[in-house]
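# A look at the structure
Residues per chain, in single letters:
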Amino acid sequence: MKPYLGVIEGFFGREWSFEERYGYADFLQRNGYRFYIYAPKSDAILRKSWRQDWPADTATRLAALAGRYQGLGLDFGLGLSPFEIYKNYDSSARKSLLQKINRLNALGIDILCLLFDDMRGDQTDLAELQVRITQDVLAYTSAKRVIMCPTYYSFTPQLENLFGAMPEHYFEDLGEGLPDEVDIFWTGPEICSREYPQHHLEQVNELLRRKPFLWDNYPVNDGADISRFLHLKAFEDRPHTLAGLTSGHAVNPMNQPWLSRIPLYTLPRSYAQGAAYDPDEVLQEALQELCSHFTLGPGDSDLAQELASDLDTFQTLGLNRLERERREELIERYTRFDSPYSQEIVAWLRDEYSIDQDCLTG
């Protein structure tokens with residue numbers, strides 16, 4: 001079974017530029033991905049200011065972005081987070097929401113994500129209201145696929161600590177009330193899950209009455225703590241059998257679009273190679289394919305070799321434990337390469353990606 005793999009730009013902090021998003025279309029199409037979803041947390045027009053419109057130039061860029069992905073045979077999506085709309089879903093709120101959906105329809109999107117994450121959920125009729133809102137959206141959207149993200153999208157108690165006590169039977173009520181054609185995002189046993197055991201996904205399937213659509217929070221690094229690391233290693237514990245247990249698999253990448261390509265290169269190969277997949281071997285392949293042509297000159301090591309030697313420093317040691325002298329040495333070394341990958345490393349080493357606020361993945 002061919003997996004429905006894609007990327008969701010759904011992180012906090014420094015967002016990607018439109019040029020970087022545009023360039024990702026080729027990368028995703030070339031490496032076996034099938035969709036991209038625009039949902040940066042910093043875009044207030046999709047979140048707390050969702051009733052407002054984008055400036056004309058932003059709307060034009062989004063339409064062009066959709067055309068770019070669709071022109072390569074990829075699906076293009078948007079993630080709408082109508083902030084706590086269910087706290088007062090009256091006729092005025094419903095009218096505003098449907099007007100927003102009509103404006104999104106004008107962009108020609110293939111996927112519409114209705115996102116209720118990052119919101120308070122401690123009200124008894126939460127599931128009922130979210131079902132009603134989703135049904136209204138489903139009736140108006142021209143997108144061929146609708147994915148809903150619940151307020152509680154994992155079994156981890158961390159979500160209740162953040163957003164209040166989950167209403168009784170929340171998952172069961174969502175599963176029973178949502179139309180069968182609506183997918184439901186799920187992050188796994190944790191917000192940032194290391195693996196997705198079969199028994200866990202089967203339990204979720206039973207509760208939600210459908211296969212979950214994975215929201216995979218690797219390699220994302222948008223929290224106050226995890227922004228201190230670069231997640232460059234290959235995907236592990238994402239076996240090809242996930243294709244039969246899920247309705248799709250969306251990857252939330254890092255704030256660094258170029259460096260995210262390194263781990264993203266590996267996930268489709270995990271699905272394709274099955275039991276033969278070796279993450280270390282495929283990581284080396286990714287580094288060679290993406291970075292080896294950046295060199296300093298004859299006889300010098302290339303960028304792929306430099307990254308391979310520093311992977312543990314970036315992914316495991318992190319900025320907080322990196323001594324100042326070592327950091328300065330790394331900055332000097334990577335500044336010598338004329339590469340977007342090395343430019344992101346240098347910016348990270350200079351604390352240009354730091355996030356002060358706490359967020360779900362922090």
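Up top you'll find the structure we're talking about.
Residues numbered from 1 in each chain as written. Predicted model: local features only at pLDDT ≥ 70, side-chain atom pairs only at ≥ 80, totals over all residues. Heavy atoms only, no water.

## A closer look at the overall build of the protein
Here is the rule: Put simply, DSSP H or I for four residues or longer makes a helix, DSSP E for two residues or longer makes a strand, and each gets a number counted from the N terminus. As a reference, a globule follows 2.2 Å times the number of residues to the power 0.38, and the radius of gyration itself is taken over C-alpha atoms. Remark: exposure states derive from per-residue accessible area (1.4 Å probe, protein chains only) relative to the maximum for the residue type, with buried under 20%, exposed over 50%, and partly exposed in between. The contact criterion used throughout is that any non-hydrogen atoms of two residues lie within 4.5 Å. Note that His is not counted, nor are the chain ends; the positive residues are Lys and Arg, and the negative ones are Asp and Glu. For charged residues, the charge sits on one atom: NZ in Lys, CZ in Arg, CG in Asp, CD in Glu.
If you tally the helices and strands in the protein, you get 12 helices and eight strands. Its C-alpha atoms give the protein a radius of gyration of 21 Å, near enough to 21 Å, the size a compact globule of 362 residues would have. Referenced to the eigenvectors of the C-alpha coordinate spread, the extents of the protein come out at roughly 70 × 50 × 40 Å. Residues counted as buried form 59% of the 362 residues belonging to the protein. Pairs at least 24 residues apart make up 78% of the contacts formed inside the protein by residues separated by at least 6 positions. A distance of 4 Å separates the average location of the 36 positive side-chain charges in the protein from that of its 56 negative side-chain charges.

## Details of the pairing of strand β8 (residues 248-251)
To keep things clear, this is the line we draw: The rule for pairing is simple: two strands pair if DSSP sees at least two bridges between them.
Side chains G248 and A250 project from β8 onto one buried face, and the interleaved H249 and V251 project onto a second face that is buried too. Sheet topology note: the strand β1 (residues 5-9)/β8 ladder contains three bridges and is parallel. By the bridge assignment, L5 is partnered in β8 with H249. Sheet topology note: the strand β7 (residues 213-216)/β8 ladder contains four bridges and is parallel. Pairing of W215 across the sheet is with A250, part of β8.

## Considerations on the layout of surface pockets
Put simply, the test is: Buried and open spaces are told apart on a 1 Å grid over the protein atoms alone, a cavity being a set of points where a 1.4 Å probe fits but cannot get out and a pocket being an open set with protein on both sides within 12 Å along at least five of seven lines. Residues with an atom within 4 Å of a point are the lining residues. Grid points are joined across faces, edges and corners, and a volume is the space filled by probe spheres set on the points.
Taken as a whole, the largest pocket encloses approximately 530 Å³ of empty space. As for the largest pocket, its lining consists of 15 residues, and the residues nearest its centre are S193, R194, Y218, H231 and Q315.

## Notes on the pattern of salt bridges
Where we set the bar: We count a salt bridge whenever a side-chain nitrogen from Lys or Arg sits within 4 Å of a carboxyl oxygen from Asp or Glu.
The final tally for this structure, using the stated rule, is 24 salt bridges. For K41, the salt bridge goes to D118, with nearest N and O atoms at 2.9 Å. On the criterion of sequence distance, the pair formed by K41 in the loop between β2 (35-38) and α2 (56-71) and D118 in the loop between β4 (111-115) and α4 (126-140) is long-range, its members being 77 residues apart. Take K41 and D118: they sit in the same class, and that class is buried. For the salt bridge of R327 with D351, the shortest nitrogen-to-oxygen distance reads 3.5 Å. With R327 in helix α11 (residues 324-335) and D351 in the segment after α12 (340-349), this residue pair connects regions lying 24 residues apart in the sequence. Residue D351 is classed as partly exposed on the basis of its relative accessible area of 33%. Beyond isolated ion pairs, a larger network of salt bridges with shared partners links E306, D310, R326, E329 and R333.

## Digging into helix α6 (residues 170-177)
Using the following cut-off: To be clear, the arc concerns the directions from the helix axis to the C-beta atoms.
All of the buried residues along α6 are Y170, F171, L174 and G175. With its buried residues spanning 130° around the axis, α6 presents them on a single face. Along its buried surface, α6 packs onto α4, β5 (145-149), β6 (183-186) and α7 (198-208).

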